[in-house]
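Chain by chain, the residues:
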Amino acid sequence: MPISVLPSGAALGAEIDVDLSQSIDDAMFREIVDAFHDNIVVVFRNQHLSNAQHVAFSRRFGELEIHIVKKYLLSDYPEILLVTNIRNDAGENIGLADAGFTWHSDVSYRKHPSRCSLLYAIEVPEMDGTTLGSTLFANTIRAYEALPRSMKTWLTGRKAIHRYSERMRVANSPRPKLTAAQLAETPDIAHPIVRTHPFTGRRSLYVTKGECIGIEGVPDDEGRAVIEALHDHCIKDAFLYRHTWRVGDLLMWDNAAAMHLAICDYDLPQRRLMHRTTVIGSVPF
Ligand code: SIN
């Protein structure tokens, strides 16, 4: 029996009806991968996953990243990053409270950015029956395809410079400042603005104004203006999917074909708790 895949009807996103706590043979895994590449964002609803199962399923997509902000990793599963606004009794954040508050593609600041990320919803905020803390995704393949030919030509061979510390700029970020060692570990890195998907060969835009500081070989002002224009183009309604979370969702997104934004429309006592694994990808080309 083939797996059931229900597209969202938006520019990306689909639900896959598989219980990830059960064993998944190679044939079924290939179907999941195909559905993932076709839909860019896929959600598995109603999951009951242990940390070990979350990590084991994620590992089938590749080696897992150990996030640079070590204090928010689970001690016995350092592959899992806590993304949450919850604080301990001392009032300290127990996880990254501002992950994804600017549009980005995960780990674009590395030479080997992420192939995909898998976020597991454990607590989802709501108020008066309305679910809060949704996540927006933009299909950057469709965004690239919709560009005028002259812009595609201009972008050919150009690289944008990604800077991790740019993402620290969210106002009042509770995230600890990067140490000198962390800054040294994350130097600026240039990636193609138009990248080719390593599995499907499709081209997408790979640039966000939240973390790209310029374009190699282009004057600063002009580079920033192009980055902003491309960013604003990518987040047009026609390219978006909005994910409204339910407890038990395991949602994964393709960082080579989408960018995303976590919407912070909640605050304590409304709690949001997510476990994220991040699969390392290949050098963008
Ligand atoms: C992230 O960018 O990894 C977090 C996304 C989210 O919390 O919705």
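Refer to the preceding data block for the structure.
Read on for an overview of the structure. Given the structure is predicted, the values throughout are model-derived calculations rather than measurements.

Let us now look at the site of the ligand. Lining the immediate environment of the ligand, one finds V83, A99, G100, H104, L119, T135, W253, H260, A262, R272 and R276. For the ligand, an oxygen atom lies 2.8 Å from a polar atom in the side chain of R272. Here the ligand has 260 Å² of accessible area as a free molecule, and 100% of this is covered by the chains.

Within strand 16 (residues 258–262), five of the five residues are buried, which leaves the element mostly enclosed by the surrounding structure. Burial along strand 16 is two-sided: A258, H260 and A262 facing one way and M259 and L261 facing the other are all buried. As defined by bridge partners, strand 8 (residues 135–139) adjoins strand 16 across five bridges and the pair is classed as antiparallel. Paired with A138 across the two strands is M259, which belongs to strand 16.

Let us now look at the environment of E15. Inspection of the secondary structure puts E15 in strand 2 (residues 14–16). Residue E15 is classed as partly exposed on the basis of its relative accessible area of 28%. The spacing of E15 and R45 is 30 residues in sequence and 7.4 Å in space, taken between C-alpha atoms. Discounting chain neighbours no more than four positions away, the residues touching E15 are S4, V5, L6, V43 and R45.

Moving on: the sheet that holds strand 10 (residues 189–192). Backbone hydrogen bonds are what pair the strands of a sheet, in a parallel or an antiparallel way. An order of 10-9-13 is seen for the three strands of this open sheet, with the pairing classed as antiparallel. Strand pairing shows two members of the sheet lacking a second neighbour, strand 10 and strand 13 (212–215), which therefore form its edges. Neighbour-to-neighbour, the strand axes of the sheet open up by a mean angle of 35°, direction not taken into account.

This brings us to helix 2 (residues 51–59). Every buried residue belonging to helix 2 is among H54, V55, F57 and S58, and all of these are buried. Seen end-on, helix 2 carries its buried residues on one side only, within an arc spanning 165°. Each element contacted by the buried residues of helix 2 is listed here: helix 1 (26–39), strand 3 (41–44), strand 5 (114–123), strand 15 (250–254) and strand 17 (273–280).

Time to look at the state of the cysteines. Tallied over the entire structure, the rule returns zero disulfides. Left without a disulfide partner, C116 is nearest to the cysteine sulfur of C234, which lies 20 Å away. Cysteine C234 remains unbridged, with the sulfur of C212 as its closest cysteine sulfur at 10 Å. The exposure class of C234 is buried, given its relative accessible area of 0%.

Applying the stated rule across the entire model yields eight aromatic pairs. With a centroid separation of 3.9 Å and an interplanar angle of 40°, the aromatic rings of Y109 and Y164 are classed as tilted. Taken together, the residues Y109 in the loop between strand 4 (81–84) and strand 5 and Y164 in the loop between strand 9 (159–162) and helix 5 (180–185) connect sequence positions 55 residues apart. For the pair Y109 and Y164, a shared accessibility class is recorded, and that class is buried. Among the aromatic side chains, those forming a connected cluster through ring pairs are F29, F36, F44, F57 and F61. Note that R115 overlies the ring of F199, its terminal NZ or CZ placed 4.0 Å from the centroid. The ring centre of Y206 lies 4.6 Å from the NZ or CZ of R195, which sits over that ring.

With respect to the helices and strands, the residue T186 is situated in the loop between helix 5 and strand 10. Since its relative accessible area comes to 7%, T186 is described here as buried. With sequence-adjacent residues up to four places away left out, T186 is seen in contact with I68, Y109, R110, Y164 and L178.

A word on the environment of A181. Considering the arrangement of structural elements, one finds A181 in helix 5. Assessed through its relative accessible area of 56%, A181 is described here as exposed.

What counts, and where the lines are drawn
Residues numbered from 1 in each chain as written. Predicted model: local features only at pLDDT ≥ 70, side-chain atom pairs only at ≥ 80, totals over all residues. Heavy atoms only, no water. Near = heavy atom within 4 Å. Polar contact = N/O pair within 3.5 Å; in protein donor to acceptor, adjacent residues only side chain to side chain. Areas by Shrake-Rupley, 256 points an atom, 1.4 Å probe, with all protein chains shown as cover. Buried < 20%, exposed > 50% of the residue type's maximum accessible area, 1.4 Å probe, protein only. Helix = DSSP H or I, 4+ residues; strand = E, 2+ residues; numbered from the N terminus. Pairing = 2+ DSSP bridges. Contact = heavy atoms within 4.5 Å. Axes fitted to C-alpha atoms, helices over the stretch in contact; angles between N-to-C directions. Arc of directions from axis to C-beta. Disulfide = S-S within 2.5 Å. Phe/Tyr/Trp six-rings, centres within 6.5 Å; stacked < 30°, edge-to-face > 60°. Lys NZ or Arg CZ within 6 Å of the ring centre and 35° of its normal.

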